[in-house]
Amino acid sequence: MEAYQIILLILVFVAFAYLAIVVYVLGQMREFKNKIKKRLKGLNVLLLERASALNDMQALYEKGGIVLTDSEIEACRGLLGVDFIPKEEEVRKAILAVKGASTCLRFIAQSGRYTGAGQERLKTDLALLDDLERNFRTACLLYNGDVSAYNYWIKIPTVAWIGWLFGHRKKELIS
């Protein structure tokens, strides 16, 4: 074999190795992007369940004769203005709205302002909210783990530009 043939053979092996790495990394990017979409849908479902439980609590308070302050009414009204769509920005808006309403309605329960006949139902709703909150935090941790892994794969130095061409952009964590 001549020198140029050896160099050509080495270049072919390097190109093949690079192509194999590109295919593997792009596969990982795609896999984690799909996982992130599924996690967003799960977060959205949990947020929708929490909003439903909070609406039940608000109805229980109104039936029990509790007069809500303006800030409490605004926080509860914020739930109505949220579109529960599994997209990153919409999920972030929903998190803020649900967190605000949850804080206000839990405060009413803990302050003892509600003394209506549905005390047992209120305890059940609070227990449900606690359970949904734990599940939501777990789902957030899983989402953040997948986002961290995705962000790792899109920053691989020799392949990042190819991922960028395929539309893989950095994603933000949910806090």
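As the structure is a computational prediction, the values presented were derived from the model and not from experiment.

Visitor: Go over helix 2 (residues 70-80) with me, naming the residues and quoting the values.
Guide: When we look at burial in helix 2, the residues that qualify are Glu72, Ala75, Cys76 and Leu79. All buried residues of helix 2 fall inside an arc of 90° around its axis, so they share one side. Opposite the buried face of helix 2, by more than 90 degrees, sit the exposed residues Asp70 and Leu80. Among the structural elements, helix 1 (3-63) and helix 3 (88-111) are those in contact with the buried residues of helix 2.

Visitor: Any chance you could break down the packing of helix 2 against helix 3 for me, citing the residues and the numbers?
Guide: Following both chains from N to C, one finds helix 2 and helix 3 inclined at 140°, their axes separated by 8 Å at the closest point. As the angle between them shows, helix 2 and helix 3 are arranged oblique. Between helix 2 and helix 3 the crossing geometry is left-handed. Contact residues: Ser71, Glu72, Ala75, Cys76, Gly78 and Leu79 in helix 2; Ala97, Val98, Gly100, Ala101, Cys104, Leu105 and Ile108 in helix 3. For the contact of helix 2 with helix 3, the residue count by class is nine nonpolar, three polar and one charged.

Visitor: With reference to specific residues and values, describe the packing of helix 1 against helix 4 (residues 119-153).
Guide: Interaxial distance between helix 1 and helix 4 falls to 9 Å at its minimum, and their mutual angle equals 165°. Comparing the axis directions of helix 1 and helix 4 gives the class roughly antiparallel. Where helix 1 crosses over helix 4, the handedness of that crossing is left-handed.

Visitor: Account for a nonpolar patch on the surface, naming residues and giving values.
Guide: Where nonpolar side chains cluster on the molecular surface, the patch consists of Met1, Ile6, Leu9, Ile10, Phe13 and Val14 and spans about 630 Å² of accessible area. Within the element layout of this structure, Met1 appears in the segment before helix 1.

Visitor: Please set out the pattern of salt bridges residue by residue, giving values where relevant.
Guide: Scanning all chains against the criterion turns up nine salt bridges. Lys35 is the salt-bridge partner of Glu31, the closest N and O atoms lying 3.9 Å from each other. In this pair, Glu31 and Lys35 both sit in helix 1, four residues apart, roughly one turn of the helix. Residue classification places Glu31 among the partly exposed residues on the basis of a relative accessible area of 37%. Notably, a salt bridge pairs Asp146 with Arg39, separated by 2.9 Å at the nearest N-O pair. You can see Asp146 sitting in helix 4 and its partner Arg39 sitting in helix 1, a full 107 residues away along the chain. By relative accessible area, which is 30% here, Arg39 ends up partly exposed.

Visitor: Tell me about the nonpolar core, and name the residues and values.
Guide: Within the largest apolar cluster, 48 residues are counted, with the highest numbers of intra-cluster contacts made by Met29, Leu43, Leu54, Met57, Tyr61 and Leu122. Mapped onto this core, the elements with two or more residues apiece are helix 1, helix 2, helix 3 and helix 4. Top element by residues in this core is helix 1. It accounts for 16 residues.

Calculation criteria
- Residues numbered from 1 in each chain as written.
- Predicted model: local features only at pLDDT ≥ 70, side-chain atom pairs only at ≥ 80, totals over all residues.
- Heavy atoms only, no water.
- Buried < 20%, exposed > 50% of the residue type's maximum accessible area, 1.4 Å probe, protein only.
- Helix = DSSP H or I, 4+ residues; strand = E, 2+ residues; numbered from the N terminus.
- Arc of directions from axis to C-beta.
- Contact = heavy atoms within 4.5 Å.
- Axes fitted to C-alpha atoms, helices over the stretch in contact; angles between N-to-C directions.
- Parallel < 35°, antiparallel > 145°, perpendicular 65-115°, else oblique.
- Left-handed = near helix turned anticlockwise from the far one by under 90°.
- Nonpolar A, V, L, I, M, F, W, Y, C, P; charged D, E, K, R; others polar.
- Patch = residues over 30% accessible without salt bridge, like charges linked within 9 Å, V, L, I, M, F, W, Y side chains within 5 Å.
- Areas by Shrake-Rupley, 256 points an atom, 1.4 Å probe, with all protein chains shown as cover.
- Salt bridge = Lys/Arg side-chain N within 4 Å of Asp/Glu carboxyl O.
- Core = buried A, V, L, I, M, F, W, Y, C linked by side-chain atoms within 4.5 Å.

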